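Per-entry structural report
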Amino acid sequence: MHKPTQHTSIANRLVVSCSTFAAIPSIIATARANSVRRLVLEFLAVSSHSQSIGAAIMRNHTRCRLLFHGAIGCLAIVVLSQQTSAFAAEQAIPIGSHRQLFLDDWVVSQTSNVQRRQGMVTKNPNNPILVRDKAWETQRVDLYGSAVFDPATNKLQIFYSTMSLSTPVKHDDMLAYAVSDDMGATWTKPDLGLIPFNGDRHTNLVLKAAANDFSGIVHGPCVFLDAHESDPTKRYKVFLNEYYNGCSFDRVGHFHYSTGASVGKAGMYVAYSPDGIHWTRPSAKPFSGLHSDTTQSAFWDARLGKYVAYVRGWTSNGRSVFRMESDNFETWTEPTIVLEGTSSQQIYSMGVTPYEGIYLGTSWIFDATVTSSQPSKPEIWPELAVSRDGVQWSRPFPGQQFIPTGSEGTRDSKQIRMSSSLVVLDDKILLVYGQSADPHHINMRAEIGMATMRLDGFASLDAADAEGSLLTKPLRWDVGALHVNAIARPGGYVKAEIQDAVGKPLAGYELDACQALTGDQLNGRIAWEKEAMVPATSSVGCRIRFLLKDAKLFSFWVAESKGRH
């Protein structure tokens, strides 16, 4: 889109801003073409003895008028030429059929009268959805863990950490299992009869430490369903930290590593399961002595053809996020740093979810300045992060809580700690998290809450009463329909125009021919008077110009179907 004011800005400066000669040097600097510079200098020479351009025009009316209009015409040609060159310099971005979100400006070339806003979440009115009602979880039902949807069984599952010991304060963490058959409306802790607690076999516990007693704990487990795995006994995988109460760790570079023969098996482990309930361990030894004392995040990265994990390390700013890779889920690279905060607001952990060709992070911001004299101040809360390659991360809304902590006296007033990944369904996103009204310390109590968000609803470009617009960079796609996820309030609309790479509308796809889209459209389809599908692009790509009024645009994509890809 050519910004409506851009081509006239230099002319306006000549006519309006140049009421005195003080403004002329900046105009000459802008007019780089020799012919324009010559015309402007000649215009100045004519009026060199005058105190204003107006006086010059009065004294030399005919010649000034010709010179002035000649200069303006040349300036307009230069500006148009420069903008066309800039358009041509933008390389076409292949988007395939992925939905394009607005957490960054990756596909955005120009905007006018629109504002990027973080999406809204809705907390479950029945929170907490899992409470401390079993003997093995009297201290914590903690989402140091994961939420998983299994399409084979149509069940939602939560894998969470338990802790029972408060006097004396001591970790005895194990992995427990909860399930929902109605998409999270109700949850049960099934009697699995697998792992006893104090002689009672009627528990929902599914995994404990390799030490086979309470001296070792399952810590920060990430459970995920691996669609890439061909072995049915390894459909579910877990990536976790085990350590022993009282064991020691040395700081080596950015990490804690287990030390001494007495430590035994402290470190990082992986394990496998066909159903998330019955787990086997491939080895009695950890693959690393690393002590990643937080929730881990691991998954199969289809883009890389590797497993990727995000763990905790330390920098001069305190807790930070590091990244590892593996070809086989058992041999891992050394961690490398990818995201850090500040010494006062550290990044305690980060859940990561591959989503429509990008990586979404839910980082835990840890306020290291909170003291016991600040009872109403939250200590851990989530913020959004985004990456295009899983390595370079940005925080699109720094300082804004992704899920707001509650007011003083509520059960999530001090801490909200996200699961290892998001649960993405066909029409919404489930956000499962640990919550606490206690500050961060070993004998804090924890329970589990849940919230929902609109599909693609992480960020939107919003237009109010004044019409707003968005012009994309050149994009490449296959033939399909143009879909949008958008909300147009009463009286509002979303329209679109398909342009070539330099901004010329394609015949039949002009804005005037577009049928306005209104209402709440999770999978809205843009159509024109004579066209319902957009043609496949060439190597130079095409642009899309969106026009918005009283509307929110969350995403767009080109595909033959409306579903996720």
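Here is what the cut-offs are and how they apply
Residues numbered from 1 in each chain as written. Predicted model: local features only at pLDDT ≥ 70, side-chain atom pairs only at ≥ 80, totals over all residues. Heavy atoms only, no water. Helix = DSSP H or I, 4+ residues; strand = E, 2+ residues; numbered from the N terminus. Buried < 20%, exposed > 50% of the residue type's maximum accessible area, 1.4 Å probe, protein only. Contact = heavy atoms within 4.5 Å. Areas by Shrake-Rupley, 256 points an atom, 1.4 Å probe, with all protein chains shown as cover. Pairing = 2+ DSSP bridges. Axes fitted to C-alpha atoms, helices over the stretch in contact; angles between N-to-C directions. Salt bridge = Lys/Arg side-chain N within 4 Å of Asp/Glu carboxyl O. Phe/Tyr/Trp six-rings, centres within 6.5 Å; stacked < 30°, edge-to-face > 60°. Lys NZ or Arg CZ within 6 Å of the ring centre and 35° of its normal. pLDDT = per-residue confidence, 0-100.

With that out of the way, let us pick up the overall build of the protein chain. Secondary structure assignment for the protein chain yields five helices and 32 strands. Here the protein chain holds 565 residues, and 51% of them are scored as buried. Within the protein chain, contacts between residues at least 6 apart in sequence are counted, and of these 64% link residues at least 24 apart. For the protein chain, the accessible area works out to roughly 23600 Å², and carbon and sulfur atoms hold 53% of it.

With that settled, consider the sheet that holds strand 16 (residues 306-315). Pairing is antiparallel in the open sheet, where four strands are placed in the order 15-16-17-18. At either end of the open sheet lies a strand with only one pairing partner, and these are strand 15 (297-301) and strand 18 (336-340). Within the sheet, the average angular offset between the axes of one strand and its neighbour, ignoring direction, is 35°.

Once that is clear, we can look at the pattern of salt bridges. Under the criterion given, the structure shown has 25 salt bridges. Residues arginine 117 and aspartate 462 are paired through a salt bridge, measuring 3.2 Å at the closest nitrogen-oxygen approach. With arginine 117 in strand 4 (residues 115-118) and aspartate 462 in strand 27 (residues 459-463), this pair connects stretches of sequence that are 345 residues apart. Residue classification places arginine 117 among the partly exposed residues on the basis of a relative accessible area of 37%. Between arginine 395 and glutamate 383 there is a salt bridge, with its nearest N and O atoms 2.7 Å apart. Of this pair, arginine 395 sits in the loop between strand 22 (393-394) and strand 23 (415-418) while glutamate 383 sits in strand 21 (residues 380-387); the two residues are 12 residues apart in sequence, bridging distant segments of the chain. When its relative accessible area of 25% is taken as the criterion, arginine 395 is described as partly exposed.

This brings us to the packing of aromatic side chains. Inspection of every chain in the model, using the stated rule, returns 26 aromatic pairs. Feature note: the residues Phe224, Phe239, Tyr272, Phe287, Trp300, Tyr307, Phe329 and Trp332 constitute an aromatic cluster, connected by ring pairs. Sitting over the ring of tryptophan 557, arginine 99 keeps its end group 3.7 Å from the ring centre. It is arginine 312 that lies over the ring of tyrosine 348; its NZ or CZ is 4.2 Å from the centre.

As a general feature of sheets, a regular strand has side chains that alternate between the two faces. The buried count for strand 8 (residues 174-180) comes to seven of seven residues, which makes it a mostly enclosed element. Both faces of strand 8 are covered, namely the face carrying Met174, Ala176, Ala178 and Ser180 and the face carrying Leu175, Tyr177 and Val179. Here seven bridges tie strand 7 (residues 155-163) to strand 8, and the two strands are oriented antiparallel to one another. The partner of tyrosine 160 across the bridge, within strand 8, is alanine 176. By the bridge criterion, two bridges tie strand 8 to strand 9 (residues 205-207) in an arrangement that is antiparallel. In the sheet register, leucine 175 faces strand 9, and the bridge partner there is leucine 207.

Below, the discussion takes up the sheet that holds strand 9. Whenever strands of a sheet pair, they do so through backbone hydrogen bonds, lying parallel or antiparallel. Within the open sheet, the four strands sit side by side as 6-7-8-9. Their pairing is antiparallel. Single-partner strands in this sheet number two, and they are strand 6 (140-150) and strand 9. Averaged over neighbouring strand pairs, the angle between their axes works out to 35° when direction is ignored.

On to the environment of asparagine 198, then. Its place among the elements puts asparagine 198 in the loop between strand 8 and strand 9. Using a relative accessible area of 67% as the deciding quantity, one classes asparagine 198 as exposed. Once the C-alpha coordinates of asparagine 198 and alanine 135 are considered, the two residues, 63 residues apart in sequence, prove to be 9.1 Å apart.

Here we take up the confidence of the model for the protein chain. With 80% of its residues at a pLDDT of at least 70, the protein chain reaches an overall mean of 85. Below a pLDDT of 50 lies the segment residues 1-59, which in the model reaches 89 contacts outside its immediate sequence neighbourhood of four places, other chains included.

The next subject is unusual backbone geometry. The phi angle of most residues is negative, glycine excepted, and most peptide bonds adopt the trans form. Cis geometry marks the peptide bond from asparagine 127 to proline 128; its omega dihedral reads -5°. Tracing the chain through its elements places proline 128 in the loop between strand 5 (121-123) and strand 6. Positive phi, normally seen in glycine, also occurs at phenylalanine 329, with a value near 75°. If you trace the backbone, phenylalanine 329 turns up in the loop between strand 17 (318-326) and strand 18. A relative accessible area of 0% means that phenylalanine 329 is categorised as buried. Phi angles above zero are rare outside glycine, and aspartate 550 is one such case at about 45°.

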